[in-house]
Number of protein chains: 2
Amino acid sequence: MHEFDLIHDYFKPLAKSFPGSLNLSDDAAILTAPAGYELVATTDAISEGVHFIGNESPGLIAQKLLRVNLSDLAAMGAKPYCYLLTVMLPRETKSDWVAAFAEGLRKDQHQFSIHLAGGDTIATRGSLSFSLTALGLVPSGKALRRSTAQAGDIIYVSGTLGDSALGLALLQSAITVAPEHQRYLEQRYFLPEPRIDVGQKLIGLAHAAMDVSDGLLQDLGHICKASSVGATVHRHKLPLSQAADALIQTNDALWDKITGGGDDYELLFTASADEAPAITALSKELSLPITVIGEITAGSGVQLSDESGQAIPAERGYSHF
Amino acid sequence: MHEFDLIHDYFKPLAKSFPGSLNLSDDAAILTAPAGYELVATTDAISEGVHFIGNESPGLIAQKLLRVNLSDLAAMGAKPYCYLLTVMLPRETKSDWVAAFAEGLRKDQHQFSIHLAGGDTIATRGSLSFSLTALGLVPSGKALRRSTAQAGDIIYVSGTLGDSALGLALLQSAITVAPEHQRYLEQRYFLPEPRIDVGQKLIGLAHAAMDVSDGLLQDLGHICKASSVGATVHRHKLPLSQAADALIQTNDALWDKITGGGDDYELLFTASADEAPAITALSKELSLPITVIGEITAGSGVQLSDESGQAIPAERGYSHF
């Protein structure tokens, strides 16, 4: 298909509710932050054979691509605004594939109130790849950061950990598990839930925040390094789904998926102990677990400890590269 | 190489002068438009074997990638602000290659006052590909558009046309030409000159503007369609470099490279006849030819005419796809 046809048929409809897209018919999109707001921008890319197998539903690939970017916006406390999309297609790509991909975007645009503002569609001799730049709005000067954790802060995480890594492990291996658990964990892998509402509500509450994409301990290490602090994480306090808990019961080695598995897309944040009641109230308001998992310390590095306070050696994370 | 090493060694230095990049160490970059300005955003991507051969200097590939995006900012009248970069690398890519690529970016960041703000580095099983999202600043509500040409407007173009397409033709064929002309035309292909200064100065002067990337006649057609007008272009008025003129003298068929060749990255704009003195003054101020090439008409479509006013049939453009 010709570039202009693809854009006209599948991508223009995704831009029509966003006036700044100029109907994808100009040289650039116009982005206007309301008074008192600034923009945050993040980019995440995926490539066939590395980040997805290629036989997944194209709509799910599109949704995950958008959602991992939305998770970065959430981590900054931003409200989704618009995105630019690069689509790199081998010439043999069928238009049905592109149609289904665009349909996934359409669903999530609606769910997360974000619009396509621009992008590029190119042919590639290589594999199907996508890059997405998402823009969000945040009150000026208030964006959540990684570098602002303080010794004595409580460490929290939203939702449950390890589901996605366990889902991927199930897809790639012969582990057997109850069908409802299998479905749940695979769904968590294919369709992460960016914690957009949590992120925005954490402005003024949290000291430091990020999303967990490369494994809890590695990502917490980034906060510690950026903030020049240390952290202790209590493994027995880590929030597990029923499905993850059932798997861990059968195989203790799977703890590494909880502490070091990737693709959680939960929010990891620190806050003063004084904010505990407000965070409990937030968890209730959003009907989402927000769990205390440890404390920020005056040292450096991340310690994982068991119920008795003994250090547990653990793998350090997950690389998408 | 590991993603974090690449970012640390080659990309962090490109972000250090831009505070909003947060040293590439957070979940997203923070973009702050000064009061009275808004942001414009554009994305262009390139892939080995389609947009570049792969044996070019990595620095030149980087510069061209950045410059084609800067040309889109110029077309909107925007001042360069920052960019996000996606780098998709086959695992066998050497770190020397990435170092030379980053060095090309460093040179152009300096020349065009733009900074790296964020991005993503991923492995791919396919070919080397890049996507770049450039952001620019434009006075609020003043961005140049394609859709605002008016019947009676004069049509102008900056610089000279066809050089890049002729440069590519020379690279791909056995045409012989004087060595200085060969060097000039190849240089115009490898290293386009985004007309950043022209674009910013056209705010308040031009009615409609865009950059010529897919061939003059096709791109002027986009302005006509978006503005519901027609256009007449006088072929004998099209600005040619000495090198292009020399080639055209030897082969009249090469006119199609002038009117339909891609990759010019000159600015094409329309303005009221009343602005002619101001545009002449601008050309002088910037020491850059800005040439009258035709008129916007009340009709539709683009007519190419010869010196006697007769229509000339011409190929319609160039697709990068």
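Use the structure listed above.
Rules of the game
Residues numbered from 1 in each chain as written. Chains lettered and ligands numbered in written order. Predicted model: local features only at pLDDT ≥ 70, side-chain atom pairs only at ≥ 80, totals over all residues. Heavy atoms only, no water. Helix = DSSP H or I, 4+ residues; strand = E, 2+ residues; numbered from the N terminus. Rg over C-alpha atoms; globule rule 2.2 N^0.38 Å. Buried < 20%, exposed > 50% of the residue type's maximum accessible area, 1.4 Å probe, protein only. Contact = heavy atoms within 4.5 Å. Areas by Shrake-Rupley, 256 points an atom, 1.4 Å probe, with all protein chains shown as cover. Lys, Arg positive; Asp, Glu negative; His and termini not counted. Charge placed at Lys NZ, Arg CZ, Asp CG, Glu CD. Least-squares fit on C-alpha atoms with pLDDT ≥ 70 in both. Phe/Tyr/Trp six-rings, centres within 6.5 Å; stacked < 30°, edge-to-face > 60°. Lys NZ or Arg CZ within 6 Å of the ring centre and 35° of its normal. Pairing = 2+ DSSP bridges. Axes fitted to C-alpha atoms, helices over the stretch in contact; angles between N-to-C directions. Expected span 1.5 Å × (residues − 1). Parallel < 35°, antiparallel > 145°, perpendicular 65-115°, else oblique. Left-handed = near helix turned anticlockwise from the far one by under 90°. Nonpolar A, V, L, I, M, F, W, Y, C, P; charged D, E, K, R; others polar. Salt bridge = Lys/Arg side-chain N within 4 Å of Asp/Glu carboxyl O. Buried area = accessible area lost by both parts, 1.4 Å probe.

**Q** Help me understand the overall build of chain A in this model?
**A** Within chain A one finds 10 helices and 11 strands. Expected size for 321 residues packed as a compact globule is a radius of gyration near 20 Å; at 20 Å, chain A falls within 12% of this value. For chain A, the spread of C-alpha atoms along the three principal axes comes to 65 × 55 × 30 Å. Counting over 321 residues, chain A shows a buried share of 60%. In chain A, once contacts between residues fewer than 6 apart in sequence are set aside, the share between residues at least 24 apart is 85%. For chain A, the exposed area adds up to about 12,400 Å²; of that, 50% sits on carbon and sulfur atoms. For chain A, the centre of its 23 positive side-chain charges and the centre of its 37 negative side-chain charges are spaced 2 Å apart.

**Q** Would you explain the relation of the copies chain B and chain A in this entry?
**A** Two copies of a chain can be linked by a rotation about an axis combined with a shift along that same axis. With an axial shift of 0.0 Å and an RMSD of 0.0 Å, the rotation relating chain B to chain A amounts to 180 degrees. These values place the two chain copies in the arrangement generated by a two-fold rotation axis. Residues of chain B ranked by C-alpha distance from the rotation axis are headed by Gly126 of chain B, positioned 1.9 Å from it. Interface overlap between copies: 100% of the residues of chain B at the interface are likewise at the interface in chain A, consistent with a symmetric, same-surface contact.

**Q** How should I be thinking about the packing of aromatic side chains in this particular structure?
**A** Note on aromatic pairs: each is described by the distance of the centres and the angle between the planes. What the rule picks out here adds up to 14 aromatic pairs over all chains. Pairing Phe18 of chain B with Tyr81 of chain B gives two aromatic rings, centres 5.2 Å apart and planes at 80 degrees, and the pair type is edge-to-face. Here Phe18 of chain B is found in the loop between helix H1 (3–15) and strand E1 (29–31), whereas its partner Tyr81 of chain B is found in strand E3 (residues 79–90), with 63 residues between them in sequence. Phe18 of chain B sits in the buried class, given a relative accessible area of 7%. One aromatic cluster is present, formed by Phe52, Trp97, Phe101 and Phe130 of chain A through successive ring pairs. Directly above the aromatic system of Tyr189 of chain A lies the positively charged group of Lys64 of chain A, at a separation of 3.9 Å from the ring centroid.

**Q** What is the right way to look at unusual backbone geometry in this model?
**A** In most cases, non-glycine residues show a negative phi, while peptide bonds are predominantly trans. Residue and element names in this part refer to chain B. One non-glycine residue, Leu24, adopts positive backbone phi at about 55 degrees. Considering the arrangement of structural elements, one finds Leu24 in the loop between H1 and E1. Here Ser228, not a glycine, exhibits a phi torsion of approximately 55 degrees, which is positive. Turning to its location among the elements, Ser228 is positioned in the loop between helix H7 (216–227) and strand E8 (230–234). On the accessibility criterion, Ser228 (60% relative accessible area) is exposed.

**Q** Even after reading the chapter, I still don't get the sheet that holds strand E2 (residues 37–47) of chain A, so can you show me in this structure?
**A** Within a sheet, adjacent strands bond to each other through the backbone by hydrogen bonds, running parallel or antiparallel. What the 5 strands build is an open sheet, ordered E4(A)-E3(A)-E5(A)-E2(A)-E1(B); its pairing is mixed. Among the strands making up the open sheet, the edge pair consists of strand E4 (115–124) of chain A together with E1 of chain B. Mean inter-strand twist for the sheet, computed between neighbouring axes without regard to direction, equals 20 degrees. Examined bridge by bridge, E2 of chain A and strand E5 (residues 129–139) of chain A share 11 bridges and lie antiparallel to one another. Within E5 of chain A, the residue paired with Ala41 of chain A across the bridge is Leu135 of chain A.

**Q** How should helix H7 (residues 216–227) of chain A be read in this particular structure?
**A** Turn by turn, an α-helix covers 3.6 residues, leaving residues three or four places apart pointing in a common direction. In a regular helix each residue adds 1.5 Å, so 12 residues correspond to 16 Å; H7 of chain A covers 16 Å between its end C-alpha atoms and thus fits that length. Among the residues of H7 of chain A, Leu216, Leu217, Gln218, Asp219, Leu220, Ile223, Cys224 and Ser227 of chain A are the ones counted as buried.

**Q** What am I meant to see in the sheet that holds strand E4 (residues 115–124) of chain B here?
**A** Judged by pairing direction, the sheet is mixed, and its 5 strands sit side by side in the order E1(A)-E2(B)-E5(B)-E3(B)-E4(B) without closing on themselves. Each edge of the open sheet is held by one strand with a lone partner, namely strand E1 (29–31) of chain A together with E4 of chain B. Pairs of neighbouring strands in the sheet enclose a mean axial angle of 20 degrees, with direction left out of account. Taken strand by strand, helix H2 (residues 58–75) of chain B contacts strand E2 (37–47), E3 and strand E5 (129–139) of chain B, and its axis lies near 140 degrees from that of E2 of chain B. Those strands touched by helix H3 (residues 95–112) of chain B are E3, E4 and E5 of chain B, and its axis lies near 170 degrees from that of E3 of chain B.

**Q** Mind showing me how you'd approach the packing of helix H5 (residues 179–190) of chain B against helix H8 (residues 242–250) of chain B here?
**A** For any two helices packed against each other, the geometry comes down to the angle between their axes and how far apart the axes lie. Residue and element names in this part refer to chain B. Packing of H5 against H8 leaves a shortest axis separation of 9 Å and a crossing angle of 115 degrees. With respect to their mutual orientation, H5 and H8 come out roughly perpendicular. Regarding H5 and H8, the two cross each other, and that crossing is left-handed. Here H5 contributes His181, Tyr184 and Leu185 to the contact with H8, which in turn contributes Gln242, Ala243, Ala244, Ala246 and Leu247. Partitioned by chemical class, the residues of the contact of H5 with H8 number 6 nonpolar, 2 polar and no charged.

**Q** What am I meant to see in the pattern of salt bridges here?
**A** For side chains of opposite charge, pairing can occur when their charged atoms come near one another. Within this structure, the stated rule accounts for 22 salt bridges over all chains. In this structure, Asp263 of chain A and Lys64 of chain A form a salt bridge, with 3.0 Å as the shortest nitrogen-oxygen distance. You can see Asp263 of chain A sitting in the loop between helix H9 (255–260) and strand E9 (266–271) and its partner Lys64 of chain A sitting in helix H2 (residues 58–75), a full 199 residues away along the chain. On the basis of relative accessibility, which here comes to 15%, the residue Lys64 of chain A falls in the buried class. Linked through salt bridges whose partners overlap, the residues forming this network are Asp26 and Asp27 of chain A together with Arg145 and Arg146 of chain B.

**Q** It is not clear to me how the interface of chain B and chain A should be interpreted in this structure. Could you clarify?
**A** Many descriptions give the size of an interface as the accessible area lost when the pieces come together. Listed as interface residues are 62 residues of chain B and, on the opposing side, 62 residues of chain A. Carbon and sulfur atoms supply 56% of the area that chain B and chain A bury against each other, a total of about 4,800 Å² over both sides. Here chain B is connected to chain A by 6 salt bridges. In this structure, the salt-bridge partner of Asp26 of chain A is Arg146 of chain B, at a minimum N-O distance of 3.8 Å. Split into classes, the residues belonging to the side of chain B that touches chain A amount to 27 nonpolar, 21 polar and 14 charged.

**Q** Quick question: what am I supposed to make of the pairing of E5 of chain A here?
**A** Regular strands have side chains that alternate between both faces of the sheet. Residues and elements named next belong to chain A. Of all 11 residues that make up E5, 10 are buried, and the element is covered over most of its length. Strand direction decides the pairing type here: strand E3 (residues 79–90) and E5, joined by 9 bridges, are antiparallel. By the bridge assignment, Thr86 is partnered in E5 with Ser131.

**Q** When you look at the environment of Asp72 of chain B in this model, what are you seeing that I'm missing?
**A** By secondary structure assignment, the location of Asp72 of chain B is in helix H2. Taking the C-alpha atoms as reference, Asp72 of chain B lies 23 Å from Ser57 of chain B; in sequence the two are 15 residues apart. Apart from the residues within four sequence positions on either side, Asp72 of chain B is in contact with Asp27 of chain A together with Thr42, Asp44 and Asp211 of chain B.

**Q** Can you walk me through the environment of Val87 of chain B in this structure?
**A** Within the secondary structure, Val87 of chain B sits in strand E3. For Val87 of chain B and Ser308 of chain B, which are 221 residues apart along the polypeptide, the C-alpha to C-alpha distance reads 51 Å.

**Q** Whenever I open this one, the side chain of Arg67 of chain B confuses me. Can you help?
**A** Along the polypeptide, Arg67 of chain B turns up in helix H2. Beyond its immediate stretch of four places on either side in the chain, Arg67 of chain B contacts Asp108, Gln111, Phe112, Leu191, Pro192, Glu193 and Pro194 of chain B.

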